[in-house]
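One-letter residues, chain by chain:
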Amino acid sequence: MEHNIPENQIAVEMRDIVLHFPGVVANDHVNFTLKRGEIHALLGENGAGKSTLMNILAGLYKPESGMILINGEPASFNSPRDAIAKGIGMVHQHFMLVPTLTVTENVLLGLNEPRFLMNLPDYDRKVAEIAESFGMKVDPTVKIWQLSVGEQQRVEILKALYRGAQILILDEPTAVLAPHEIQDLMKTMRLMVSEGKSIVFISHKLNEVMEVADRVTVLRKGKVTADGVDLQGITKENLAELMVGRKVLFRLNKKAHAPGKVVLELQHVSALNNRGLPALKDVSLQVREGEILGIAGIAGNGQSELAEVITGLRACEGQIFINWENVANRSPKTAIKQGTAHIPEDRTGVGTAPNLAITSNLIMKTYDSPPISENWHISYSAAQEFAANLKQQYEIQAPSVNTQVNKLSGGNLQKVILAREISSEPRLIIAVQPTRGLDVGAIESIQNLLLEQREHNAAILLISEELDELLELSDRIAVIYEGELVGEFPAEEADLNTIGLMMTGALRSPV
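All residue numbers here refer to positions counted from 1 along the written sequence of the relevant chain. Since the coordinates come from a predicted model, pLDDT governs what is reported: local features require at least 70, and pairs of side-chain atoms require 80 or more to be given and counted, while whole-chain, interface and lining totals use all residues. Side-chain measures here rest on the full set of heavy atoms in the structure, leaving out hydrogens and waters.

Student: Teacher, can you tell me more about the overall build of the protein chain here?
Tutor: Secondary structure elements follow DSSP: runs of H or I no shorter than four residues count as helices, runs of E no shorter than two count as strands, and numbering proceeds from the N terminus. Each helix and strand counted, the protein chain has 17 helices and 22 strands in total. Each radius of gyration reported is based on C-alpha atoms, and the globular scaling rule is 2.2 Å times the count of residues to the power 0.38. A compact globule built from 511 residues should have a C-alpha radius of gyration of about 24 Å, and the protein chain, at 24 Å, falls within 12% of that. Only protein chains enter the area calculation, which uses a 1.4 Å probe; residues under 20% of their type maximum are buried, those over 50% are exposed, and those in between are partly exposed. Buried positions account for 52% of the 511 residues belonging to the protein chain. Long-range pairs, those at least 24 residues apart, make up 67% of the contacts in the protein chain between residues at least 6 apart in sequence. Surface exposure here means Shrake-Rupley accessible area, sampled with a 1.4 Å probe, where a residue is shielded only by the protein chains that are shown. Summed over its atoms, the accessible surface of the protein chain is roughly 23,300 Å², and 50% of this surface lies on carbon and sulfur atoms. Any two residues whose heavy atoms approach within 4.5 Å are treated as being in contact.

And the structure:
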């Protein structure tokens, strides 16, 4: 225990926590202390053991050894229900909501009360009161499927608060949020700690940690490298080095590179979203060899549909040319044959087959070509060798190439996708949120990979909600709002205020 903290100020203490997974020590004698009324950031690379440690505290995993104390009392959890009874609530990266139920119905789901009869308007009022007291805008009567990702996250927080949580664990809460939603979440967090609640904030975004956290604990490869350090006097560079064990430069070596011929051209493309509503409206754009065109926009303004119509995953009107061949409304195989690589937003649902091994995922684009394909059969020895080479080249951290990809951390899962896509030597790369939810080390390596492909004359369409990333990587930036491109300009002339106005529809062309 940290003896400089009075015992009556400690909400949670975890001592010498140990937990193994096959082939890896997830938590290696980890100590962690959370004070009452503080925001404590938990940092580390993907796979460092952060979520595992908090899943132990939330009752999802049971440690092999170690001790947990809640408000000074020893505690042992056999399920999340036991943790909730002790005032601990966890908001996971992947939400656990029922889309067809309302906000209030989701909040009440699993509770003992009400049991048989329910006056739903009364509970709607209770939920609305809790939401309002912490500055969260949520309509209790709306169904989950009608909410944005940010609003769904608020529902998860409401579920925990309604159950009386005094200790909240937020696992990568900003990874799926737009910039304005991040600021709203931070206001909510500050309100919660002002009411005496304690928050564990798991994040990879060092700027956010520096802005909102009181103290920080850093994990690297399952071990603590910084234990409850006060953030006063700590720099972003210090934190990054503690996370990854080396200096992170926070600057990219982007070389001047003259663009070549047009690789991708969209002419008057329109498309509908999954609800049958217009998602893209008369979009025209070009991307040339050796250049990165960045698409800036708030989530839900047509970015996902834009990537899908290009890669053959969504029907559209208009024409889409890749290397002068019209691929509009053709199969994904057509785009692949034209040299297209796709780094999708949804890594598990679209980017990988989660229940298959790393090898199977890495050969998905080459399974029908030599040397992996032999006389209509797959050569498993060639596939294993191919996968092993990529595993080493892209530093995919896993026990073996036979490991199922659903066992990998987010960063290593993204490395599998990048290894498969970039090893095909693409002429066009469609990269959607390629660094979302990743740690600083993984972000740096992925951004450098994209710049390398630019130098190798690949044309890159980069869709990202990280404005800093777009400004650093892009040669040109186009802004999308409600399915329309409302402005485009060279990255060196980009102005954050102008981009912000365009993203919200207040401006339609550079001023």
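Student: I tried to follow the packing of aromatic side chains on my own but got confused; where do I start?
Tutor: Aromatic ring pairs are described here by two measures, namely the spacing of the ring centres and the angle between the planes. Between rings of Phe, Tyr and Trp, where Trp is taken as its six-membered ring, a pair exists when centres lie within 6.5 Å; planes separated by under 30 degrees are stacked, by over 60 edge-to-face, and by other angles tilted. Within the structure shown, the criterion is met by one aromatic pair. For the ring pair F21 and Y61, a centre distance of 5.4 Å and an interplane angle of 75° mean the geometry is edge-to-face. One end of the pair, F21, is in strand β1 (residues 10-21); the other, Y61, is in the loop between α1 (50-57) and β4 (65-70), and 40 residues separate them in sequence. We classify Y61 as partly exposed; its relative accessible area is 32%.

Student: What exactly am I supposed to notice about empty space enclosed by the protein here?
Tutor: Where empty space is left in the structure can be found by rolling a water-sized probe over the atoms. Residues are said to line a cavity or pocket when one of their atoms sits within 4 Å of a point; the points come from a 1 Å grid over protein atoms alone, cavities being sets where a 1.4 Å probe fits but cannot get out and pockets being open sets with protein on both sides within 12 Å along at least five of seven lines. Grid points are joined across faces, edges and corners, and a volume is the space filled by probe spheres set on the points. In this structure the tally under the stated criterion is two cavities of 30 Å³ or more. If you add up the space inside the largest cavity, you get close to 60 Å³.

Student: Even after reading the chapter, I still don't get the side chain of R420, so can you show me in this structure?
Tutor: Position of R420 relative to the elements: it lies in helix α14 (residues 410-422). Of the residues examined, R420 reaches a relative accessible area of 6% and is grouped as buried. In terms of polar contacts, R420 uses its side chain to reach the backbone carbonyl oxygen of G351, at 2.8 Å. A polar side-chain atom of R420 sits 2.9 Å from a polar atom in the side chain of E421. Polar contacts here mean pairs of N or O atoms no more than 3.5 Å apart (in protein, one a potential hydrogen donor and the other a potential acceptor; neighbouring residues in sequence count only if both atoms are side-chain atoms).

Student: It is not clear to me how a nonpolar patch on the surface should be interpreted in this structure. Could you clarify?
Tutor: Judged by side-chain polarity, Y367, I378 and Y380 come together as a nonpolar surface patch covering roughly 330 Å² of accessible area. By the secondary structure assignment, Y367 is in the loop between α12 (358-362) and β17 (373-374). Patches were defined on residues exceeding 30% relative accessible area and lacking a salt bridge, with like-charge contacts within 9 Å and nonpolar side-chain contacts (Val, Leu, Ile, Met, Phe, Trp, Tyr) within 5 Å. When a carboxyl oxygen of Asp or Glu lies within 4 Å of a side-chain nitrogen of Lys or Arg, that pair is called a salt bridge.

Student: Can you walk me through the packing of α14 against helix α15 (residues 440-455) in this structure?
Tutor: Relative placement of two packed helices is described by the angle separating their axes and the distance separating the axes. Close contact between α14 and α15 brings their axes to 12 Å; oriented N to C, the two are set at 10°. Regarding the angle of α14 to α15, the classification is roughly parallel. Together, Q414, L418 and I422 of α14 and I446, L449 and Q453 of α15 make up the contact between the two elements. Only the stretch in contact is used when fitting a helix axis, every axis being a line fitted to C-alpha atoms; angles between N-to-C directions are given from 0 to 180 degrees. Roughly parallel means an angle under 35 degrees; roughly antiparallel, over 145; roughly perpendicular, 65 to 115; everything else is oblique.

Student: How do you make sense of the sheet that holds strand β9 (residues 215-220) when you look at a structure like this?
Tutor: Whenever strands of a sheet pair, they do so through backbone hydrogen bonds, lying parallel or antiparallel. Two strands are said to pair when DSSP picks up at least two bridges between them. Reading across the sheet, the six strands line up as β6-β7-β8-β3-β9-β10 and stay open at both edges, with mixed pairing between neighbours. Bordering the open sheet on either side are β6 (88-91) and β10 (223-230), each of which pairs with just one other strand. Each adjacent strand pair in this sheet contributes to an overall mean axis angle of 15°, direction not counted. Where β9 and β10 come together, five bridges link them in antiparallel fashion. The residue bridging R220 from the neighbouring strand is K223, located in β10. Lying on the sheet, α1 is in contact with β3 (39-44), β6, β7 (167-171), β8 (198-202) and β9; it crosses β3 at an angle near 135°. Strands β3, β9 and β10 of the sheet are contacted by helix α8 (residues 236-244), whose axis makes an angle of about 30° with β9.

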